[in-house]
Amino acid sequence: MDRVMRRAPGLACIVLSLSACLGCDSGGSPGSDAGLDGSDAGCQDACESEGALRCRGSWVQRCQSEEDGCLAWVDVEDCAQSDRTCQDGACRSDCEDECTTEYEQRCQGSWIQMCRRGDDGCLYWIDGVDCAATGRRCDPEAEPVECIDPCADSDCERAGASRCAGRLIRTCEADQDGCLHWTDGEDCGLTGRFCDGTADPVACVDECVSDCDAEYDRRCAGDWVQLCRLGEDGCLHWQDDQDCSLSRRTCVEDNGPAECVDICANLCSLDETRCKRAVIQRCEVDTNGCLDWVDVEDCAEQGLYCDWSGVCIDAPCQPIPPLRPYSGGECPVITSGPTSATSLNENFNSAGENRRFRFIVPESYDGSEPWPLVFVWHFMGSSSEAFIRDGELESAAEEMRMLFVVFDKLTFLFIPAYLFDWPIEPEGNSDEDREKELTFFDDVLTCVSEQYRIDPCQMHAAGGSAGALWLTWLSTTERVNYLASLVVLSGGLGEFGSQRLDYFPQPNKFPAVVLWGGEGDSFILNFAQASQRYRDELIADEHFVITCVHDLGHQIPPIQPGDGGTKFRCMWRFMLDHPFTLEAGSSPYQQDGLNSDFPEWCEIATP
């Protein structure tokens, strides 16, 4: 089953690319203009507008704030390294721009298009959402451009339908745009009469007519539980009380009063075993005749750990599922290094595609002991190189004694294979696309584990924006059972018009940091709501969750240790503090509080 919903309005703008927001360059590089006036009294801005770009020879330079607080030109990219020239603040080949401003949007017929920069340095109009596919039209006057439905505010479905509102008759009628709305009609109360909602159409009667027999009786109306209540007219009427579908249940009244019950669904194969942290579970038939997981043995009571074969074993930590064989046969030699430049793996064959990733291994790693491993997915329009720079992963690897795998998006002829870099786009990406990306994760995990000493108790993951949406989706698959903890930066269970990403529980109750930029963290897709939905699902599923809510919207979160250590140190410490040895839903922070590097706008989440 395709577990990502169908295409919906505004999807082209799901993610405000973090290359424009979350991806604003941080940290300087050799060759920056100093911008000082030569005196000891202070500094002087060398440029006027932070974020501005210019060319200096073959180098692209960006205007950004330095440690002294002044603006200076900082080298960003040497175009000569890719046989290109620097023009107008960008590396360019012999190509022509189709548009003028990156991330600009327009309507092209019924399509929303976005101006994006290709790997050749030129700007192109990229198709996003076809509004016509959902019966809407593209509105060029909207800011940002969006699909609109002139009848989105319709509040009834069938012209001519009628209902009672107390003693007032209301009728469903079309307005001048053809949209349906409830319109006030006759007020029965003016003649001392009542509105009879049991009639079709409803009508004024001398005495009120009850829809039900006894107050507080319950019945099912589709997936709704309805309650018999006393109305304003003094009669009893059915009123909607509870929508069972919101909790993925259905309304049943076979054995008494209507109630929401779980939909019978086989969650496993008979006699299959798995681990829920230290607890062995077996697939058995439950009282409803459905196959479900049942706790069999708690290995922790014996000081042991659960093995996925279904036995308790003596191991250094919770065993992970068996690694999957490398899809390319025999693993190639993995390139690693302490810097972005020395850690690039190109042409890594996975699922028949040549893929790229960087594997940051600090100089202090000597293989004498296993080290933690962190998987990272970059934001839209970015790259592994940019994420390493903006996240200061080179210094983090050395300071925190961690190894980092940073994945790159799949591209064809310099153009991303997926509109949002990772296959999160509903109809535009298939189950095959998503399985191909999961295989890339499998292959890198398997090959890195073969050639480096990885601590199975300390494998973690992080993602930003589009990468965080992909990581959120991955966390609803069995791949998350390899991971001890997750850090999701402006991701979550996004809603795409009338469709949304849904949560599917896994046996691994991983601890998680869910971060977003306050109510302003929104660009078509509302990241604030998506993050809060994800937080609530995780808490309901027995996960330990920390929420961090800053006020910068869809931007790089303002996290920096006060002592000048590596950026995002609180997140890396969170990972190290939450290995696979912890019981489900538990954390040392529950007693000791958050580690001291967390900013004050982070807290332990509660239901």
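Residues numbered from 1 in each chain as written. Predicted model: local features only at pLDDT ≥ 70, side-chain atom pairs only at ≥ 80, totals over all residues. Heavy atoms only, no water.

As a further point, take the overall build of the chain. Across its full length, the chain holds 7 helices and 40 strands. The buried share of the chain, taken over its 607 residues, is 49%. Taking the intrachain contacts of the chain between residues at least 6 apart in sequence as the baseline, contacts between residues at least 24 apart amount to 60%. Of the roughly 28,100 Å² of accessible surface on the chain, 45% is carried by carbon and sulfur atoms. (Helix = DSSP H or I, 4+ residues; strand = E, 2+ residues; numbered from the N terminus. Buried < 20%, exposed > 50% of the residue type's maximum accessible area, 1.4 Å probe, protein only. Contact = heavy atoms within 4.5 Å. Areas by Shrake-Rupley, 256 points an atom, 1.4 Å probe, with all protein chains shown as cover.)

Below, the discussion takes up a nonpolar patch on the surface. A cluster of nonpolar side chains, Phe-412, Leu-413 and Phe-414, forms an exposed patch at the surface whose accessible area comes to about 380 Å². Of note, Phe-414 is situated in the loop between β30 (411–412) and β31 (415–416). (Patch = residues over 30% accessible without salt bridge, like charges linked within 9 Å, V, L, I, M, F, W, Y side chains within 5 Å. Salt bridge = Lys/Arg side-chain N within 4 Å of Asp/Glu carboxyl O.)

Quick look at the pattern of salt bridges now. Applying the stated criterion across every chain yields a total of 23 salt bridges. A salt bridge links Glu-353 to Lys-436; the shortest N-O distance between them is 3.2 Å. A residue pair is termed long-range when its members are at least 10 positions apart, and Glu-353 in strand β27 (residues 353–360) and Lys-436 in helix α3 (residues 431–451) qualify at 83 residues. Residue Asp-442 is joined to Arg-479 by a salt bridge in which the shortest nitrogen-to-oxygen separation is 2.8 Å. With Asp-442 in helix α3 and Arg-479 in the loop between α4 (466–474) and β33 (485–489), this residue pair connects regions lying 37 residues apart in the sequence. For Arg-479, a relative accessible area of 5% corresponds to the buried category. One network of salt bridges, with partners in common, ties together Arg-324, Glu-435, Asp-442, Glu-478 and Arg-479.

Turning our eyes to something else, we now look at the packing of aromatic side chains. A complete count under the given rule lists 18 aromatic pairs for this structure. Measuring from ring centre to ring centre gives 5.8 Å for Phe-379 and Phe-387, while their planes differ by 35°; the resulting arrangement is tilted. Of the two residues, Phe-379 and Phe-387, neither departs from the other in class, the shared state being buried. One aromatic cluster in this structure is built from Tyr-326, Phe-348, Phe-357, Phe-375, Trp-377, Phe-407, Phe-440, Phe-441 and Tyr-482. (Phe/Tyr/Trp six-rings, centres within 6.5 Å; stacked < 30°, edge-to-face > 60°.)

What follows is about helix α2 (residues 393–400). The complete set of buried residues in α2 reads Leu-393, Ala-396, Ala-397 and Met-400. The buried residues of α2 occupy an angular sector of 100° when projected down its axis, which confines them to one face. On its buried face, α2 is in contact with β27, β28 (371–377), α1 (384–390), β29 (403–407) and α6 (569–576). After α2 finishes, the residue Arg-401 shows a positive phi value of roughly 60°. (Arc of directions from axis to C-beta.)

On to the state of the cysteines, then. Scanning all chains against the criterion turns up 17 disulfides. With a sulfur-sulfur separation of 1.7 Å, Cys-43 is cross-linked through a disulfide to Cys-70. Looking down the S-S bond of the Cys-43 and Cys-70 bridge, the torsion is 75°, so its handedness is right-handed. Of this pair, Cys-43 sits in the segment before β1 (53–56) while Cys-70 sits in the loop between β2 (59–65) and β3 (71–78), and the two are 27 residues apart along the sequence. A disulfide bridge connects Cys-164 with Cys-195, and the sulfur atoms are separated by 1.9 Å. Taking the sign of the S-S torsion, about -80° here, the bridge from Cys-164 to Cys-195 comes out left-handed. With a gap of 31 residues between them, Cys-164 in strand β11 (residues 162–165) and Cys-195 in strand β14 (residues 194–196) connect regions that are remote in the sequence. Residue Cys-164 is classed as partly exposed on the basis of its relative accessible area of 27%. Residue class for Cys-195 comes out buried when judged on its relative accessible area of 1%. Free of any disulfide, Cys-570 has its nearest neighbouring cysteine sulfur in Cys-602, separated by 6.0 Å. (Disulfide = S-S within 2.5 Å.)

The subject of this paragraph is helix α5 (residues 527–540). End to end, α5 covers 20 Å across 14 residues, agreeing with the expected 20 Å (1.5 Å per residue, within 8%). The set of residues buried in α5 consists of Phe-527, Ala-528, Ala-530, Ser-531, Arg-533, Tyr-534, Arg-535, Leu-538 and Ile-539. Positive backbone phi, approximately 75°, marks Glu-542, located one or two places after α5. (Expected span 1.5 Å × (residues − 1).)

Here we come to the nonpolar core. Grouped together as the largest cluster of nonpolar side chains are 64 residues, with contacts concentrated most on Phe-359, Leu-373, Phe-375, Trp-377 and Phe-407. Not counting chain neighbours up to four residues away, the residues in contact with Phe-407 comprise Arg-356, Phe-357, Phe-375, Val-376, Trp-377, His-378, Ser-384, Trp-422, Phe-440, Phe-441 and Val-444. Counting residues in each nonpolar core, the second largest holds 32 residues, with Val-376, Leu-393, Val-513 and Phe-568 among its members. (Core = buried A, V, L, I, M, F, W, Y, C linked by side-chain atoms within 4.5 Å.)

An order of β6-β7-β8 is seen for the 3 strands of this open sheet, with the pairing classed as antiparallel. The open sheet is flanked by β6 (105–108) and β8 (123–130), the only strands paired with a single partner. Averaged over all adjacent pairs, the angle separating strand axes in this sheet is 35°, with direction ignored. Looking at chain direction, β6 and strand β7 (residues 111–117) are connected through 4 bridges and run antiparallel. Paired with Arg-106 across the strands is Gln-113, a residue of β7. (Pairing = 2+ DSSP bridges. Axes fitted to C-alpha atoms, helices over the stretch in contact; angles between N-to-C directions.)

Here we have 3 strands laid out as an open sheet, ordered β11-β12-β13, and antiparallel in their pairing. Single-partner strands in this sheet number two, and they are β11 and β13 (180–187). Averaged over all neighbouring strand pairs, the angle between strand axes comes to 35°, with direction disregarded. Of the strand pairs in this sheet, strand β12 (residues 168–174) and β13 are connected by 6 bridges, and their pairing is antiparallel. From the neighbouring strand, Leu-168 faces β13, where its bridge partner is Asp-187.

Along the chain, the position of Arg-274 falls in strand β21 (residues 273–276). Buried and unpaired, Arg-274 has Asp-292 as its nearest opposite-charge partner, separated by 6.4 Å. At 2.8 Å, the side chain of Arg-274 forms a polar contact with the side chain of Gln-281. Setting aside chain neighbours within four positions, we find Arg-274 in contact with Val-279, Ile-280, Gln-281, Trp-293, Cys-306, Trp-308 and Pro-507. (Lys, Arg positive; Asp, Glu negative; His and termini not counted. Polar contact = N/O pair within 3.5 Å; in protein donor to acceptor, adjacent residues only side chain to side chain.)

The next point concerns the side chain of Arg-355. Here Arg-355 lies in strand β27. For Arg-355, a relative accessible area of 1% translates into the label buried. A polar contact of 2.8 Å, which involves the side chain of Arg-355, links it to the side chain of Glu-437. Excluding residues within four positions of it along the chain, Arg-355 makes contact with Asn-345, Glu-346, Asn-347, Phe-348, Ser-350, Asp-408, Lys-409, Leu-410, Trp-422, Glu-437 and Phe-440.

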